[in-house]
Amino acid sequence: MAAEASCSAGRLQAIRWESRQLVILNQTLLPHRSEYLKIRDTSAGHYSIATMQTRGAPAIAIVAALSLAAELHTHPKFDSNKAAHQHVYERLDYLGTSRPTAVNLFAAIRGLKQVADQALEENRDVCEAYIAAAEQMLADDIADNQVIGRHGAAFLGEGKTKVLTHCNTGALATAGYGTALGIVRSMWEQGRLEQVVFTETRPYNQGSRLTSYELLTEQIPCRLICDSAVSALLQADPQVSAIIVGADRVAANGDTANKIGTYQLAISARFHNRKFIVAAPSTSIDLQMKSGKEIVIEERADREITSVKGVTYGSLLDERAVEVVQVAPLETKTWNPSFDVTPACLISAIVTERGVFVKRPGAEAFDLADDLKKL
């Protein structure tokens, strides 16, 4: 199923759920082609996550949940409620193998299993209970992101400023508003954003492909820079007051796993005396992990570094012109971690829908378990 990318109230929709049918914007084709794919079942949902047709920790969890909801809606009637419960468990476990580092995905799986357990115990329709819970996840993510945006904008203080961001953390990575880009959107809506600078985010180019697509579509003032130009920018432009990033997983002490390159941005922010802000839903906080040393980092294929994909120059209107170009010699070996871990000592604040968390005076780490307990 192909269609032009749509906007809701001027905003991109990467996930659409209508009449219990799920369609997603295929992000591997962006920014040169905008095509929606129908996700009919968990096999298609798993494939879309594993191949990065959908990406971003919040979006991954929602697409996984809704892919099973779509499957249950069209599935032949189960012999019993217990059989439906078993099917939900099996397919959720399968979806969990699509992206092993995404803490939001596993938090969603645990929560949805509890929904199925409760429905079975109370003799309610497991399928209907599951579908309702998955639909609520979609609505909650948008509302939570909007709150994150307001909290982050308030933390940055009054006045107009520039900020820098990394990877893609907006409508394309969430249900429709964004985490780090949610703060950018909130600042723009309040008339407080001079410009957002964004990195290309090698090797998969989520910045140059996706963040550019999103910001240009919504006409938010923006500028692209090379990953290696961040320190030079902070040195040259004092108006860039903060670096704002998302998170794949946050440990209990605040150590944060995010797209590769985040750690070096935090080092540069510290050296140049700029704020370094992590924006993420509270579901990205994994209190079972005491520190970032416990976070398993996914390593991806050599070809993501040694080759690039794009359209040939001068043929942007020709959809057939998308090509993969080999840059490095074929025999080149690489180290290609998908994420890195930024130590809590380099992070100014962690912004969630439940509030803005900062370290205690003199502390090098956060105490997120205590912070969350107090809310």
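Quick caveat: nothing in here was measured; it's all calculated off a predicted structure.

Enquirer: Would you explain the overall build of the chain in this entry?
Expert: A tally of helices and strands in the chain yields 11 helices and 18 strands. Looking at the 375 residues of the chain, the share that counts as buried comes to 55%. For the chain, contacts bridging at least 24 residues in sequence account for 73% of all contacts bridging at least 6. If you sum the accessible surface of the chain, you get close to 16,800 Å²; carbon and sulfur atoms cover 52% of it. The positive charge centre, built from 39 side chains, and the negative charge centre, built from 43, are 3 Å apart in the chain.

Enquirer: I tried to follow a nonpolar patch on the surface on my own but got confused; where do I start?
Expert: Together, V308, V325 and V327 line one region of the surface with nonpolar side chains, adding up to about 230 Å² of accessible area. Here V327 shows up in the loop between β15 (322-326) and β16 (339-342). V327 gets classed as exposed once you look at its relative accessible area, which sits at 59%.

Enquirer: Explanation requested: helix α2 (residues 57-74) in the structure shown.
Expert: In this model α2 runs 27 Å from its N-terminal to its C-terminal C-alpha over 18 residues, within 8% of the 26 Å that 1.5 Å per residue would give. Burial analysis of α2 places 16 of its 18 residues in the buried class, the great majority of the element.

Enquirer: I would appreciate a short explanation of the pattern of salt bridges in the present structure.
Expert: Per the stated rule, a full pass over the model turns up 16 salt bridges. For R360, the salt bridge identified is with D370, shortest N-O distance 2.8 Å. One end of the pair, R360, is in the loop between β18 (355-357) and α11 (368-374); the other, D370, is in helix α11, with 10 residues separating them in the sequence. Look at the salt bridges and you will find they share partners, linking R99, E298, R300 and E304 into a network.

Enquirer: Explain the nonpolar core here, please?
Expert: The tendency in soluble globular proteins is for nonpolar side chains to be buried as a group. Of all hydrophobic cores here, the largest spans 38 residues; its most connected members are I15, L22, L66, L72, V88, L92 and Y130. Elements supplying a minimum of two residues to this core: β3 (15-18), β4 (21-25), β5 (36-39), α2, α3 (81-95), α4 (103-121) and α5 (126-155). Looking at this core element by element, the count peaks at 11 residues for α2. If near-sequence neighbours (up to four positions away) are discounted, I15 is found in contact with L22, V23, A59, I62, V63, L66, L138, T174 and A175. One finds L265, F276, A344 and I347 within the second-largest nonpolar core, a separate group that totals 26 residues.

Enquirer: How should the packing of α3 against α4 be read in this particular structure?
Expert: When two helices pack together, you describe them by how their axes are tilted relative to each other and by the distance separating the axes. Between α3 and α4, the least distance of the axes is 10 Å, while the angle of their chain directions is 175 degrees. When the axes of α3 and α4 are compared, the pair comes out roughly antiparallel. Of α4, the residues touching α3 (which contributes N81, K82, H85, V88, Y89, L92, D93 and L95) are L105, I109, L112, K113, A116, D117, A119 and L120. Looking at the contact of α3 with α4, its residues break down into 10 nonpolar, two polar and four charged.

Enquirer: Would you mind going over the sheet that holds β5 with me for this structure?
Expert: Consider a sheet: its strands pair through backbone hydrogen bonds, and that pairing is either parallel or antiparallel. The three strands lie next to each other as β3-β4-β5, forming an open sheet whose pairing is antiparallel. Looking at the sheet topology across the chains shown, the edges are occupied by β3 and β5. For this sheet, the mean angle separating the axes of adjacent strands, direction not counted, is 25 degrees. By the bridge criterion, four bridges tie β3 to β4 in an arrangement that is antiparallel. When the sheet's bridge partners are listed, W17 is paired in β4 with L22. Its contacts with the sheet place α2 against β3, β4 and β5, and it is angled at close to 30 degrees to β3.

Enquirer: Is there a simple way to explain empty space enclosed by the protein in this structure?
Expert: Where empty space is left becomes clear once a probe the size of a water molecule has been rolled over the atoms. Scanning the entire structure with this criterion turns up three cavities of 30 Å³ or more. Looking at the largest cavity, its volume works out to about 250 Å³. Forming the boundary of the largest cavity are 24 residues, of which R55, G56, A57, D248 and N258 lie nearest the centre. Looking at the lining of the largest cavity, the elements that each hand over two or more residues are α2 and β11 (256-259). Partitioned by chemical class, the residues of the lining of the largest cavity number 11 nonpolar, nine polar and four charged. Of the volumes computed, that of the second largest cavity is approximately 70 Å³. Along its surface, the second largest cavity is lined by 13 residues, and P203, Y204, K259, E304 and S338 are the ones closest to its centre. Of the residues that constitute the lining of the second largest cavity, the class distribution is five nonpolar, four polar and four charged.

Enquirer: Help me understand the pairing of β4, please; the structure alone is not making it clear to me.
Expert: Two faces make up the sheet, and in a regular strand the side chains alternate between them. With four of its five residues buried, β4 lies for the most part within the structure. Linkage of β3 to β4, two consecutive antiparallel strands, is achieved through a turn of two residues, within which S19 is found at a positive phi near 50 degrees. The pairing of β4 with β5 spans four bridges and is antiparallel. By the bridge assignment, L25 is partnered in β5 with Y36.

Enquirer: Just checking my understanding: could you explain the pairing of strand β12 (residues 275-279) for this structure?
Expert: Burial of β12 is extensive: four of the five residues sit out of reach of the surface. Bridging between strand β9 (residues 240-245) and β12 involves four bridges; their strand directions are parallel. Bridge pairing in β12 links I243 to F276.

Scoring rules and cut-offs
Residues numbered from 1 in each chain as written. Predicted model: local features only at pLDDT ≥ 70, side-chain atom pairs only at ≥ 80, totals over all residues. Heavy atoms only, no water. Helix = DSSP H or I, 4+ residues; strand = E, 2+ residues; numbered from the N terminus. Buried < 20%, exposed > 50% of the residue type's maximum accessible area, 1.4 Å probe, protein only. Contact = heavy atoms within 4.5 Å. Areas by Shrake-Rupley, 256 points an atom, 1.4 Å probe, with all protein chains shown as cover. Lys, Arg positive; Asp, Glu negative; His and termini not counted. Charge placed at Lys NZ, Arg CZ, Asp CG, Glu CD. Patch = residues over 30% accessible without salt bridge, like charges linked within 9 Å, V, L, I, M, F, W, Y side chains within 5 Å. Salt bridge = Lys/Arg side-chain N within 4 Å of Asp/Glu carboxyl O. Expected span 1.5 Å × (residues − 1). Core = buried A, V, L, I, M, F, W, Y, C linked by side-chain atoms within 4.5 Å. Axes fitted to C-alpha atoms, helices over the stretch in contact; angles between N-to-C directions. Parallel < 35°, antiparallel > 145°, perpendicular 65-115°, else oblique. Nonpolar A, V, L, I, M, F, W, Y, C, P; charged D, E, K, R; others polar. Pairing = 2+ DSSP bridges. 1 Å grid on protein atoms, 1.4 Å probe; cavity = no way out; pocket = protein on both sides within 12 Å on 5 of 7 lines; lining within 4 Å. Points joined across faces, edges and corners; volume = space filled by probe spheres on them.

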